[in-house]
Amino acid sequence: MGDARPSGSERWPAGYRCALSVTIDVDGRYGEANYRPADDMYWISQTAYDPRGTERLLELLADRETFATFCWVGRAAVDHPMHVRSAVAAGHEIALHSWDHRPYNRMTPQEQRADMEQSLEALQRISGMTPVGHKTASWRYDEATHRVAQELGLLWVMDEPGGDLPYLIQPASTFPPLVQLPPSRWFDDYTLFVDHVLPPRHAFELWRDDLDVLRDEAGMMCLTLHPFVSGRPGPSRTLAWLLDYAIDLGDVWIDRADRMARWWSGNVGDVPDSV
Ligand SMILES: [Zn+2]
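Keep in mind that what you see is a predicted model, and the values were worked out from it rather than measured. (Residues numbered from 1 in each chain as written. Predicted model: local features only at pLDDT ≥ 70, side-chain atom pairs only at ≥ 80, totals over all residues. Heavy atoms only, no water.)

1. Structural notes on the pattern of salt bridges
Here is step 1 of the chain: Within this structure, the stated rule accounts for 16 salt bridges.
Here is step 2 of the chain: The salt bridge partner of Arg36 is Glu32, with a shortest N-O separation of 2.7 Å.
Here is step 3 of the chain: Between Arg215 and Asp251 there is a salt bridge whose closest N-O contact spans 2.8 Å. Of this pair, Arg215 sits in helix H10 (residues 200-216) while Asp251 sits in the loop between helix H11 (233-249) and strand E9 (252-254), and the two are 36 residues apart along the sequence. The same class applies to Arg215 and to Asp251, which are both buried.
Here is step 4 of the chain: Connected through salt bridges with shared partners, the residues Asp100, Arg102 and Asp115 form a single ionic network. (Salt bridge = Lys/Arg side-chain N within 4 Å of Asp/Glu carboxyl O. Helix = DSSP H or I, 4+ residues; strand = E, 2+ residues; numbered from the N terminus. Buried < 20%, exposed > 50% of the residue type's maximum accessible area, 1.4 Å probe, protein only.)

If you want it as structure tokens, here you go:
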């Protein structure tokens, strides 16, 4: 794919060589609770840090005047609505991340639709915004997930690491295509600080090297962070250093996922059949 793509200088808005999307998944206690035994308080209790971590990440982003996307589990938003409103007031995007973090690939299409609708309604009511993006909890999606996202009129999803650029997908030909923004488990703080406990400096070096290559290639980096992980004191430095590094480069587009998805579908796009 890609022969008809614009060159790097035309791929992103004028003055930018690559894109860096910071997405923060606010799972509350529901992420760990779905994957651990109900009495495993050692793990589940770690997520009690989520509200404090959210505050630290909001401060870190505000200090750098950068905008991020918060993918909010519906029940976690209901638990701490003031944090949702703080994120909106600071100019960040609010996106869907399921109602209670159950894996979609174990649900029927009807259950997935009901789950997404319930999340959409709750986030709309709390934030006053209409979410246009969705990241599937734990990336456990199936062939129905993106069709449901299309039916609900969403603009973007962030589930499939199919490259270093966004691309259009259109599982249901009767609905407009979605912009698929590429995540990666190597851009996920859970991999670096939970699965493997890296020193924050090493995590920064890893992501800086990724960003350098993607900048050379006019690519896109989509970070997936969690308040109870990257919002902790040391790991928060990794994000701070990466943002400072990217800002100093002067040509990295750091913005909300919805703006990048709109740019891509309006200015670059792809014919879905060619992907
Ligand atoms: Zn999650």
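Once the structure has been displayed, the description carries forward.
2. Brief notes about H11
Here is step 1 of the chain: Helix length check: H11 (17 residues) gives 25 Å between terminal C-alpha atoms against 24 Å at 1.5 Å per residue, within 8%.
Here is step 2 of the chain: The elements touched by buried residues of H11 are strand E1 (18-26), helix H4 (50-63), helix H9 (189-195), H10, strand E8 (220-225) and E9.
Here is step 3 of the chain: Two residues or fewer past H11, Gly250 is found with a positive phi of approximately 85°. (Expected span 1.5 Å × (residues − 1). Contact = heavy atoms within 4.5 Å.)

3. Considering the pairing of strand E2 (residues 69-72)
Here is step 1 of the chain: Alternating positions in E2 separate into two faces, Thr69 and Cys71 on one and Phe70 and Trp72 on the other, with burial throughout.
Here is step 2 of the chain: Where E1 and E2 come together, 4 bridges link them in parallel fashion. Paired with Ile24 across the two strands is Phe70, which belongs to E2.
Here is step 3 of the chain: One ladder, built from 4 bridges, connects E2 with strand E3 (residues 93-96); its direction is parallel. Within E3, the position partnered with Cys71 by the bridge is Ala95. (Pairing = 2+ DSSP bridges.)

4. Focus on the pairing of E8
Here is step 1 of the chain: The element E8 is extensively covered by neighbouring structure, given that 6 of its 6 residues are classed as buried.
Here is step 2 of the chain: Bridge count for E1 against E8 is 6 bridges, and the pairing is parallel. Counted as the bridge partner of Ile24 is Leu225 from E8.

5. Observations regarding the packing of H4 against helix H6 (residues 81-89)
Here is step 1 of the chain: At their nearest, the axes of H4 and H6 sit 11 Å apart, and the two run at 10° to each other. Taken together, the axes of H4 and H6 lie roughly parallel to each other. From H4, Pro51, Thr54, Glu55 and Leu58 reach across to H6, where they touch His83, Ser86 and Ala87. (Axes fitted to C-alpha atoms, helices over the stretch in contact; angles between N-to-C directions. Parallel < 35°, antiparallel > 145°, perpendicular 65-115°, else oblique.)

6. Examining unusual backbone geometry
Here is step 1 of the chain: In this model, His101 sits at a positive phi of 70°, which is unusual for a non-glycine residue.
Here is step 2 of the chain: The phi dihedral of Ala218 is positive, around 60°, even though this residue is not glycine.
Here is step 3 of the chain: For Ala218, the position within the fold is in the loop between H10 and E8.
Here is step 4 of the chain: Residue classification places Ala218 among the buried positions, given a relative accessible area of 5%.

7. Details of the coordination of the zinc ion
Perfect tetrahedral coordination of a metal by four donors corresponds to 109.5 degrees between them, and perfect octahedral coordination by six donors corresponds to 90 or 180 degrees.
Here is step 1 of the chain: Taken together, Asp27 (OD), Asp27 (OD), His97 (NE2) and His101 (NE2) make up the protein donors of the zinc ion, found 2.1 to 2.6 Å from the metal.
Here is step 2 of the chain: Taken together, the 4 donor atoms coordinating the zinc ion span angles of 52 to 139° at the metal, a pattern that classifies the geometry as irregular.
Here is step 3 of the chain: Between consecutive donor residues of the zinc ion, the sequence gaps follow D-x69-H-x3-H. Here the residue Asp27 occupies a position in the loop between E1 and helix H2 (30-35), and His101 occupies one in the loop between E3 and helix H7 (109-127), the gap between them amounting to 74 residues. The residues Asp27 and His101 share a single accessibility class, namely buried. (Donors = N, O, S within 2.8 Å, 3.2 Å for Na, K, Ca; no water. Tetrahedral: all angles 85-135°; square planar, octahedral: opposite > 155°, others 65-115°.)

8. A few points about the nonpolar core
Here is step 1 of the chain: Formed by 57 residues in total, the largest nonpolar core has its most connected members in Leu20, Ile24, Phe70, Trp72 and Leu223.
Here is step 2 of the chain: Apart from residues no more than four positions distant in its own chain, Trp72 is found in contact with Val26, Thr54, Ala77, His83, Val84, Ala87, Ile94, Ala95, Leu96, His97, Ser98 and Leu123.
Here is step 3 of the chain: Counting 21 residues, the second-largest nonpolar core is a separate cluster that includes Ala95, Trp156, Val179 and Leu181. (Core = buried A, V, L, I, M, F, W, Y, C linked by side-chain atoms within 4.5 Å.)

9. Comments concerning the packing of aromatic side chains
Here is step 1 of the chain: Summed over all chains, the structure comprises 8 aromatic pairs.
Here is step 2 of the chain: When the ring of Phe204 is compared with that of Tyr245, the centres are 6.3 Å apart and the planes differ by 80°; the resulting orientation is edge-to-face. Residue Phe204 is found in helix H10, and its partner Tyr245 is found in helix H11; the two are separated by 41 residues along the sequence.
Here is step 3 of the chain: Classification of Phe204 by relative accessible area gives buried; the value is 14%.
Here is step 4 of the chain: An aromatic cluster is built from Trp12, Tyr16, Trp253, Trp263 and Trp264, whose rings are joined through pairwise contacts.
Here is step 5 of the chain: In this arrangement the basic side chain of Arg36 is found over the ring face of Trp43, its NZ or CZ atom lying 4.0 Å from the centre.
Here is step 6 of the chain: One cation-aromatic arrangement involves Arg185 over Trp186; the distance from NZ or CZ to the ring centre is 5.2 Å. (Phe/Tyr/Trp six-rings, centres within 6.5 Å; stacked < 30°, edge-to-face > 60°. Lys NZ or Arg CZ within 6 Å of the ring centre and 35° of its normal.)

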